[in-house]
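Overview (structure and organization)
Letter by letter, the chains look like this.
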Amino acid sequence: MKSSMKTPDKDGEKKADKDLTKQVKISEGVEQSNSSGSSVHELINGFNRSPSPPAPRKRLRTVSGSGSKAEHHLLTTKSGRKIYTKGRPPWYDKKGNTLKQPYVIGICGGSASGKTTVAEKIIEKLEIPWVTILSMDSFYKVLNDEEHKQAEESNYNFDHPNAFDFDLLQETLARLREGKSCEVPVYDFTTHARDHNPKIMYGADVLIFEGILAFHRPEINKMMDMKVFVDTDGDLRLSRRLNRDINERARDLNGVLEQYFRFVKPAFESYIAPGMKAADIIVPRGGENDVAINLIVKQVMTQLIKRGYDQSASAKYRQELICRGPMVDDAPQNLILIEQTPQVRGLHTFIRDRRTKRDDIIFYSERLTRILIEEAMNFMPYTEKEIELSNRQKEIGLRKNTQICGVAIMRAGETMENSLRAIVKDCKVLFPKIKRI
Ligand SMILES: Nc1ncnc2c1ncn2[C@@H]1O[C@H](COP(=O)(O)OP(=O)(O)O)[C@@H](O)[C@H]1O
Ligand SMILES: Nc1ccn([C@@H]2O[C@H](COP(=O)(O)O)[C@@H](O)[C@H]2O)c(=O)n1
């Protein structure tokens, strides 16, 4: 979107006024409300939860990293809906081309301004199946011992552009835009380090990239179809950050304040706020600005449709496959079909039913792949093995051959990973096409 558009704030269109009046009314006579509509009670509530003196650092090891808000790529929205945010495993058309580029939304704003909340609300309202959230946190540089010590003492500047690996970020975003898969580091704010296990991400119909310096590098800005700046009052950002860092990021009050005034606030003024100039849309007040979020969602949907996004396309393709009927007759000789037991049919019924919810499909698919892998285990090489029973009698059993056995899975292999690991103790899963980061 090229034209710059400021979304309605307090003085905006009538609807915004109406919403604001509603907000004020809700606050009136209940508790004191600040300019953003958030109550003072809300702001101090978090501190009450965290007793003074603060809990020891490592005890509060709630994972609060770049993957935490959508842990295992499953985002549970405030309304309880579960959304899969890993993106879409690469699909190819009949000519071997990957499908269209994702629509990229960049979300920039100060720390605790509500970037993630806005991103989640956009996703929730869009109601499209393939979405990805990429967070800048994943691209914090790995610290050396000295820097790590400084971070522990709240004396490391995580808000300066030098704290991020922008080259890696640019490369990752470029790959995701091409619909390719990537291994993305998961950041742990409690240890200032990356988790051992990165997460695998794919392109999607919509890709949201959020971070404090999301608009810092012009080459990255060029990859965005829409740039949104979340503009939340500084005092509110500080109070939310205190709440969050103490309760979720294992920090103490003094440390948060020291870091804030030494690094966070100056960096906001020098590097983050100038990002507003690059923005197409400015969202005052963040996640509670439903008028702005609805406008963004409407614009994204319009653009997706212009690009040929068709929600019913996958349903049409499935129907085509059903009409073609089973391909058992002309199947190759070495194709083995799973026995159609009542259990297998029951699982298929869940998976094929158009009313089945997304997380249920994931659950029942995993059960089905377990059956598939159990069956596949019968084709592994086994050798006889003599064992001794508890009554000292001997018995000849079977042990899996110790030789390495490689199995190539052409499509949807990753969806089988959990089941495979649950059944084969010593398996190694390789993703040959994935770019290692
Ligand atoms: N409208 C709101 N009212 C109350 N708390 C909020 C609101 N928006 C965000 N928060 C809280 O503030 C913190 C930061 O919000 P988040 O969306 O994660 O911001 P960011 O991604 O910019 O750091 C979180 O703890 C979140 O729960
Ligand atoms: N080890 C770290 C890394 C980053 N931070 C702070 O996080 C802020 C960015 O995250 P938001 O969710 O608030 O956008 C940033 O302001 C860093 O100061 C940290 O404290 N420790």
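Named according to an unreviewed UniProt entry, the chain is Uridine kinase originating from Diploscapter pachys. As its UniProt record puts it under Sequence similarities (unreviewed entry), the chain is described as follows: "Belongs to the uridine kinase family."

As a further point, take the site of ligand 1. Taken together, the neighbourhood of ligand 1 is formed by 15 residues, with K115, T116, T117, R240 and R244 sitting nearest. For the shell around ligand 1, the elements supplying multiple residues, two or more each, are α3 (115-126) and α7 (234-247). For the shell around ligand 1, the element with the most residues is α3, which contributes three residues. Looking at side-chain class alone, the shell around ligand 1 contains one nonpolar, nine polar and five charged residues.

In this structure, A250 takes a positive phi of about 55 degrees despite not being glycine. Within the secondary structure, A250 is located in the loop between α7 and α8 (253-272). You will see that R392, though not glycine, has its phi angle at about 75 degrees, which is positive.

The next point concerns the site of ligand 2. The immediate surroundings of ligand 2 are formed by S111, A112, K115, D137, Y140, A151, F158, D159, F189, H192, I212 and V264. Residues of the shell around ligand 2, tallied by class, amount to seven nonpolar, two polar and three charged.

In this section: the packing of helix α11 (residues 342-352) against helix α12 (residues 358-377). Geometrically, a packed helix pair is captured by the angle between its two axes and the distance between the axes. At their nearest, the axes of α11 and α12 sit 9 Å apart, and the two run at 150 degrees to each other. Taken together, α11 and α12 sit at an angle that is classed as roughly antiparallel. For the crossing formed where α11 meets α12, the hand is left-handed. For the pair formed by α11 and α12, the contact residues are V344, L347, F350 and I351 on the first element and D360, I361, Y364, S365, R367, L368 and I371 on the second. Along the lines of polarity and charge, the residues of the contact of α11 with α12 split into eight nonpolar, one polar and two charged.

Attention now goes to the pairing of strand β4 (residues 103-109). Counted residue by residue, β4 has seven buried out of seven residues, so it is predominantly covered. Burial of β4 is two-sided: the residues Y103, I105, I107 and G109 facing one way and the residues V104, G106 and C108 facing the other way are all buried. Pairing analysis gives six bridges linking β4 to strand β10 (residues 206-211), with the strands arranged parallel. By the bridge assignment for β10, G106 is matched with F209. Direction of pairing for β4 relative to strand β11 (residues 226-231): parallel, over a ladder of five bridges. Its bridge partner lying in β11, I107 is registered against V228.

The rules we used
- Residues numbered from 1 in each chain as written.
- Chains lettered and ligands numbered in written order.
- Predicted model: local features only at pLDDT ≥ 70, side-chain atom pairs only at ≥ 80, totals over all residues.
- UniProt positions renumbered as here; feature names shortened; annotations may be inferred.
- Near = placed C-beta within 6 Å.
- Helix = DSSP H or I, 4+ residues; strand = E, 2+ residues; numbered from the N terminus.
- Nonpolar A, V, L, I, M, F, W, Y, C, P; charged D, E, K, R; others polar.
- Axes fitted to C-alpha atoms, helices over the stretch in contact; angles between N-to-C directions.
- Parallel < 35°, antiparallel > 145°, perpendicular 65-115°, else oblique.
- Left-handed = near helix turned anticlockwise from the far one by under 90°.
- Contact = placed C-beta atoms within 7 Å.
- Buried ≥ 20, exposed ≤ 12 C-beta atoms within 10 Å, placed from the backbone.
- Pairing = 2+ DSSP bridges.

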